Amino acid sequence: AQTVTQSQPEMSVQEAETVTLSCTYDTSESDYYLFWYKQPPSRQMILVIRQEAYKQQNATENRFSVNFQKAAKSFSLKISDSQLGDAAMYFCAYRSVYGANSKLTFGKGITLSVRP
Amino acid sequence: DVKVTQSSRYLVKRTGEKVFLECVQDMDHENMFWYRQDPGLGLRLIYFSYDVKMKEKGDIPEGYSVSREKKERFSLILESASTNQTSMYLCASSLLGRQGVNGYTFGSGTRLTVV
């Protein structure tokens, strides 16, 4: 079974600075998807960014980018120019491409605070 | 705007009550999921369904059941609510296989308190 580990429960960043959130995973599969989700105090889970394992290029979405190291099974999220609205809980997640059910396996999450 | 709608945002129930949590999606997604979210434990899968009347157990199915009579609706049932089922419950849906490359669409959650 796949596992996802987020070892840091909390992080803090100064507004306008850069922060990196860590995530590692374990799988025997070669093709899969990785995601970062954001959950603000409103509780609505929002997809931040996704990475397809067969693509070597790291995904980027505006101020959000990932460092995907397939051999090391590492998938970190970098947030540049941090804003107050980035304060939230962030979850790393894994999904297999095989099989019909497409269920996500989540890490335990990290709470990010942004200091003004 | 496509969405997943959970019927209640907050719910307070008594121990031993039968509790229904309802989830409806309007995206014609095949997959639907129920997770519970607890501090320090992340999101844990309770049940999921990939088709009408089909269901599969997730990681923590004990004390729960589900129903999917129509494609758009997936209900989570607590047969006899207990205090250890006090939690946040999140519903989600997705397309099958590689069509689900964008992951899930989530509801806004139901915070259930069992007293």
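In every chain, residue numbers begin from 1 and rise along the written sequence. By the order in which they are written, chains take letters starting at A while ligands take numbers starting at 1. Totals for whole chains, interfaces and linings use all residues, but because this is a predicted model, local features are given only for residues with pLDDT of at least 70 and pairs of side-chain atoms are given and counted only at 80 or more. Excluded from the side-chain calculations are hydrogens and water; all other atoms, namely the structure's heavy atoms, are used.

## Comments concerning the overall build of chain A
Move 1: Strands are runs of DSSP state E lasting at least 2 residues, helices are runs of H or I lasting at least 4, and numbering of each runs from the N terminus. Broken down by element type, chain A carries 0 helices and 12 strands.
Move 2: Projected onto its principal axes, the C-alpha positions of chain A cover 45 × 30 × 20 Å.
Move 3: In chain A, which comprises 116 residues, the share counted as buried stands at 46%.
Move 4: As displayed, chain A offers around 5500 Å² of accessible surface, 47% of which is attributable to carbon and sulfur atoms.
Move 5: Chain A carries 12 positive and 10 negative side-chain charges, and their two centres are separated by 5 Å. Three labels apply to residues, based on accessible area from a 1.4 Å probe with only protein chains included: buried if under 20% of the type maximum, exposed if over 50%, partly exposed otherwise in between. Note that accessible areas follow from Shrake-Rupley with a 1.4 Å probe, and for residues the cover is restricted to the protein chains shown. Charged-residue counts in this description rest on Lys and Arg as positive and Asp and Glu as negative, His and the chain ends being excluded. A single reference atom marks each charge: NZ on Lys, CZ on Arg, CG on Asp, CD on Glu.

## Notes on unusual backbone geometry
Move 1: For Arg43(A), which is not a glycine, the phi torsion comes out positive at approximately 80 degrees.
Move 2: Along the polypeptide, Arg43(A) turns up in the loop between strand S5 (32–39) and strand S6 (46–52).
Move 3: Phi is positive for Asp28(B), close to 60 degrees, though the residue is something other than glycine.

## Observations regarding the interface of chain B and chain A
The figure often quoted for interface size is the accessible area lost as the parts come together.
Move 1: Contacts were defined at the residue level, with two residues in contact if any of their heavy atoms lie within 4.5 Å. Listed as interface residues are 30 residues of chain B and, on the opposing side, 26 residues of chain A.
Move 2: Once two parts are joined, some of their accessible surface, as seen by a 1.4 Å probe, is lost; buried area is that loss totalled over both. Overall, the association of chain B and chain A removes approximately 2200 Å² of surface from exposure, summing both partners, and the carbon and sulfur fraction of that is 50%.
Move 3: Within this document, salt bridges are pairs made up of a side-chain nitrogen of Lys or Arg and a carboxyl oxygen of Asp or Glu, the two lying within 4 Å of each other. Counting across the interface, chain B meets chain A through 0 salt bridges.
Move 4: Counting of polar contacts relies on pairs of N or O atoms within 3.5 Å, with two restrictions inside protein: one atom must be capable of donating a hydrogen and the other of accepting it, and residues adjacent in sequence are counted only when both atoms are side-chain atoms. Linking chain B with chain A are 9 residue pairs in polar contact (both at pLDDT 80 or more).
Move 5: Mapped by element, the contributors of at least two residues to the side of chain B that touches chain A are strand S4 (31–38), strand S5 (42–49), strand S9 (87–94) and strand S11 (110–114) of chain B.
Move 6: A per-class count over the side of chain B that touches chain A returns 14 nonpolar, 13 polar and 3 charged. Residues are grouped as follows: Ala, Val, Leu, Ile, Met, Phe, Trp, Tyr, Cys and Pro are nonpolar; Asp, Glu, Lys and Arg are charged; every other residue, Gly included, is polar.

## As for the state of the cysteines
Move 1: Disulfide assignment relies on a single distance test, namely cysteine sulfur atoms paired within 2.5 Å. Summed over all chains, the structure comprises 2 disulfides over all chains.
Move 2: There is a disulfide in this structure between Cys23(A) and Cys92(A), and the S-S distance comes to 2.0 Å. Negative torsions about the S-S bond denote left-handed disulfides, and the value of about -70 degrees found for Cys23(A) with Cys92(A) makes this one left-handed. Here Cys23(A), found in the loop between strand S3 (19–21) and strand S4 (24–26), pairs with Cys92(A), found in strand S10 (residues 88–96); they are 69 residues apart in sequence, far enough to count as distant. There is no split in this pair, since Cys23(A) and Cys92(A) are both buried.
Move 3: Sulfur-sulfur distance for the disulfide between Cys23(B) and Cys91(B) comes to 1.9 Å. One quick way to see it: the torsion about the S-S bond of Cys23(B) and Cys91(B) is about -80 degrees, and its sign makes the bridge left-handed. In this pair, Cys23(B) is assigned in strand S3 (residues 19–25) and Cys91(B) in strand S9, connecting sequence segments 68 residues apart. Neither Cys23(B) nor Cys91(B) differs from the other in exposure class; each is buried.

Shape descriptors only; they carry no functional weight alone.
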